[in-house]
Amino acid sequence: MGTASRYRAATVRQIVSVTSVDLPESRVTLNVEVLAPALERSINRAADSIGQTLRIPGFRKGKVPAAVVISRVGREAVIDEAIRADLPVWYAEAVAEAGIEPVGDPRIDIGELPQEEGKPLGFTVEIGVRPEAKLGNYTGLKVDREELDVGDERINEEVERLREQAGRLEPSEAPAADGDTIVMNYRGSIDGVDFDGGTGTDQVIELGSGQFIPGFEEQLVGAGKGEDRTIEVTFPEDYQAEQLAGKDAVFAVEVTDVRTSKLPDLDDSFAEEMGYETLTALRDDIRERMTESEDRRIRATFREACIDAASEKAKIEVPDSLIQGRASEIWEQTVRSLAAQGINREIYMQITGKTEEEVIAEAAPDAERSLRREATIAAIVEKEGIVPTDLQLEDALEHSAGHEGVTPRELLVTLREDGRADQLEKELAARLAVDLVEESAKPNLVKPKKD
Amino acid sequence: MDATQVIIRPIVSEKSFVLAEAGRYTFRVHPDAHKTQIRQAVEELFDVGVVKVHTANVRGKPKRRGFSVGTRRSWKKAIVTVREGERIPIFQSLELT
């Protein structure tokens, strides 16, 4: 039935024609016409999909030709179906054709349905677009940059953390101190009656970890191996098990073992255990890695600050409606990434105890900042005439090409054929624009903030 | 016999649509029509050149309902091959009937 050729043709031929009219508040109206051949294709596709469920005498189910479906259910119904299926495609085409950067939800109005074959389908789209920035100065800006500071203090912290991880529990005959781990059997009762879940054997507990009811661990401090103790505690009012909350309880505890955590000595043999030759080598490696990650973080923050500084110098009008639009886009994205973790919208609302409107309102400052950044970057790209060279593109593809086992050049060619290179070029141009601002900026070193 | 009397209606079925792709169009025709008449009728009605006409008499199926026994009407089917490249907009004629 020539399905393959139909789809191949769709990628090559023009699908829509667009004229755009600028509106105030950084909105535009697009007058879109779905060209007749493209429309015919999607009508036929729609008819096919309707035909899947249609029973017509003389045809097996799902074998009804498009033309028969159209004459049976009416052209209008088929066009409706075609619109339902393909409007997103047409919309995306129209946006690409008009060369605009949409922000927020579009308002789409479908005009009259074409009655005859060979007539195009018109619709209008009203959508917010990324505001234009009138650039101010964007080179040689003074921008705060955090000083790179990987002092001994932070390395010591890291070493100490490693040491604690490497700590071993060793049996001890001495009475248990705070921080020691004990093994115990216990039996709890309220008013002399044992309660459910109140008994346990060989329970391991680290004193001072706060895993048990308040007061329990504290009263075990000083207990030695083999010692019996009676502990009196009160369950907190907000304890999960309601029948226990707020009750006084008595626990008979038999301490079967006391273990004290022994930290390894801070010397070369500890370093060896960690896979280094000497303690100095270990410290050096930690320093190196910290420096690297800190440097990356500082650089990223600095780049953002550079663009923020440039956009402050620029004149950008960001209407509220756009901010709203972007804010809800951000929210939709959050919802999607939460969905990937198996959290749906309702549950999230329950966890945070906020309404959707509140969450969107909270995203507004972020939305405004990102709009300003994008507008500034786009304006710089335009003004500087930044177009990434093939060489730069290939560099950027180096990594993902390695993943797929092709050369960057091959990958670039494939992307071009699929029409996916545009996106890459845009991203790279934006990165180059930020590079430009960053390189010319005069960093103003500031002490790192202690947190 | 007038052309519109010879050609009664197109046959709309999976089979007939498959044949139509190859330029062979299927019609129900007058039981007494002969191939020459069918050729002339199709040429006149659809403005195409006919290469070949096949006909078949389709026997009506015997049907019973309770005690009453009967048969469906017998009819004549014609499959008309048109000149290569020519088409009969069969779906439009479908709307006419």
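Quick caveat, the model's predicted, so the values are computed rather than measured.

(A) Expanded view of the overall build of chain B. Within chain B, the regular secondary structure consists of four helices and six strands. When the helices and strands of chain B are listed from N to C terminus, the series reads α-β-α-β-α-β-β-β-β-α. Buried positions account for 37% of the 97 residues belonging to chain B. Of the accessible surface of chain B, which amounts to about 6,600 Å², a share of 48% is contributed by carbon and sulfur atoms.

(B) Examining the confidence of the model for chain B more closely. All names here are of chain B. Mean pLDDT over chain B: 86, with 92% of residues reaching 70 or higher. Taken as a whole, residues 92-97 scores under 50 in pLDDT and shows nine contacts with residues more than four places along the chain or in a different chain. The ipTM assigned to the predicted complex is 0.72, against a pTM of 0.59.

(C) Here's a closer look at a negative patch on the surface. The grouping of D284(A), E288(A), E292(A) and D295(A) at the surface amounts to a negative patch. Taking relative accessible area as the criterion, D284(A) reaches 42% and is therefore assigned partly exposed.

(D) Examining the packing of aromatic side chains more closely. Counted by the stated rule, this structure contains four aromatic pairs over all chains. Geometrically, the ring pair formed by W331(A) and Y348(A) is tilted, given 5.7 Å between the ring centres and 40 degrees between the ring planes. Residue W331(A) is located in helix α8 (residues 320-340), and its partner Y348(A) is located in helix α9 (residues 345-352); the two are separated by 17 residues in the primary sequence. Centre to centre, the rings of F27(B) and F46(B) are 5.6 Å apart; their planes meet at 20 degrees, and the pair counts as stacked. Here the residue F27(B) occupies a position in strand β2 (residues 24-29), and F46(B) occupies one in helix α3 (residues 35-46), the gap between them amounting to 19 residues.

(E) Summary view of the confidence of the model for chain A. Taken residue by residue, chain A gives an average pLDDT of 78. The fraction at 70 or more is 96%. Across residues 1-10 of chain A, where pLDDT falls below 50, the model places seven contacts with residues more than four positions away in sequence or in other chains.

(F) Broad picture of the pattern of salt bridges. All names here are of chain A. Tallying each qualifying case throughout the model produces 21 salt bridges over all chains. Across the pair E329 and R326 runs a salt bridge, and its minimum N-O distance is 3.2 Å. Taken together, the positions of E329 and R326, both in helix α8 and three residues apart, correspond to about one turn of that helix. Across the salt bridge formed by E394 and R409, the nearest N and O atoms sit 3.1 Å from each other. With E394 in helix α11 (residues 390-404) and R409 in helix α12 (residues 408-418), this residue pair connects regions lying 15 residues apart in the sequence. Residue R409 is classed as exposed on the basis of its relative accessible area, which comes to 51%. Here the salt bridges do not stand alone but share partners, grouping R299, R303, D435 and E438 into one network.

What counts as what
Residues numbered from 1 in each chain as written. Chains lettered and ligands numbered in written order. Predicted model: local features only at pLDDT ≥ 70, side-chain atom pairs only at ≥ 80, totals over all residues. Heavy atoms only, no water. Helix = DSSP H or I, 4+ residues; strand = E, 2+ residues; numbered from the N terminus. Buried < 20%, exposed > 50% of the residue type's maximum accessible area, 1.4 Å probe, protein only. Areas by Shrake-Rupley, 256 points an atom, 1.4 Å probe, with all protein chains shown as cover. pLDDT = per-residue confidence, 0-100. Contact = heavy atoms within 4.5 Å. Patch = residues over 30% accessible without salt bridge, like charges linked within 9 Å, V, L, I, M, F, W, Y side chains within 5 Å. Salt bridge = Lys/Arg side-chain N within 4 Å of Asp/Glu carboxyl O. Lys, Arg positive; Asp, Glu negative; His and termini not counted. Charge placed at Lys NZ, Arg CZ, Asp CG, Glu CD. Phe/Tyr/Trp six-rings, centres within 6.5 Å; stacked < 30°, edge-to-face > 60°.

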